[in-house]
Amino acid sequence: MRRLIYQNKDQLQAGVIVAGWDPVHGGSVYTITLGGSCLELPFATGGSGSIFIAGLLDAEFTNGMDMAEARNLAKKACSHAMCRDGSSGGVIRTVVISADGVDRDYTPGNDLPFGPVAVW
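Residues numbered from 1 in each chain as written. Predicted model: local features only at pLDDT ≥ 70, side-chain atom pairs only at ≥ 80, totals over all residues. Heavy atoms only, no water.

Draft legend 1. View of the side chain of D85. On the secondary structure map, D85 appears in the loop between α3 (67–84) and β4 (92–98). Although D85 lies buried, it forms no salt bridge, and the closest oppositely charged side chain, R84, sits 11 Å away as judged by the N-O distance. Within the structure, D85 has its side chain in polar contact with the side chain of S48 (distance 2.5 Å). Sequence-distant contacts of D85, that is, excluding residues within four places in its chain, are made with S48, G49 and F52. (Helix = DSSP H or I, 4+ residues; strand = E, 2+ residues; numbered from the N terminus. Buried < 20%, exposed > 50% of the residue type's maximum accessible area, 1.4 Å probe, protein only. Lys, Arg positive; Asp, Glu negative; His and termini not counted. Salt bridge = Lys/Arg side-chain N within 4 Å of Asp/Glu carboxyl O. Polar contact = N/O pair within 3.5 Å; in protein donor to acceptor, adjacent residues only side chain to side chain. Contact = heavy atoms within 4.5 Å.)

And the structure:
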């Protein structure tokens with residue numbers, strides 16, 4: 001994957017996030033940059049809205065979060081990004097990959113956990 005991304009870096013506009021679960025290592029998250037670096041991280045972000053949520057994730061992410069805590073933080077972070085970045089979509093889709101399988105969730109735009117504050 002690293003080689004494929006590096007060899008096509010002039011055609012790509014973003015890095016790749018790869019995550020999964022296996023019985024030996026458990027859950028793993030990797031980010032592959034356009035330069036071909038492959039980094040294993042506790043979490044990864046990408047896209048134009050990710051710059052708006054770096055501090056939030058640094059402050060609120062903790063190792064050992066359960067599925068509900070991690071999903072809630074992901075939704076909070078995505079909704080913050082969506083409020084600050086006009087290119088960050090209107091709904092949130094999350095996927096949890098674990099020993100129990102794949103759990104998908106959908107949050108419509110009118111049910112986001114954070115929204116813009118009205119200025120009166």
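Draft legend 2. Looking closely at the sheet that holds strand β1 (residues 16–22). Spatially, the three strands line up as an open sheet ordered β1-β2-β3, and their pairing is antiparallel. In the strand order of this sheet, the two ends are held by β1 and β3 (38–41), each with one partner. Averaged over all pairs of adjacent strands, the angle between their axes in this sheet comes to 25°, without regard to strand direction. Taken together, the four bridges between strand β2 (residues 26–32) and β3 define a ladder with antiparallel strand orientation. When the bridges of β3 are listed, Y30 appears paired with E40. (Pairing = 2+ DSSP bridges. Axes fitted to C-alpha atoms, helices over the stretch in contact; angles between N-to-C directions.)

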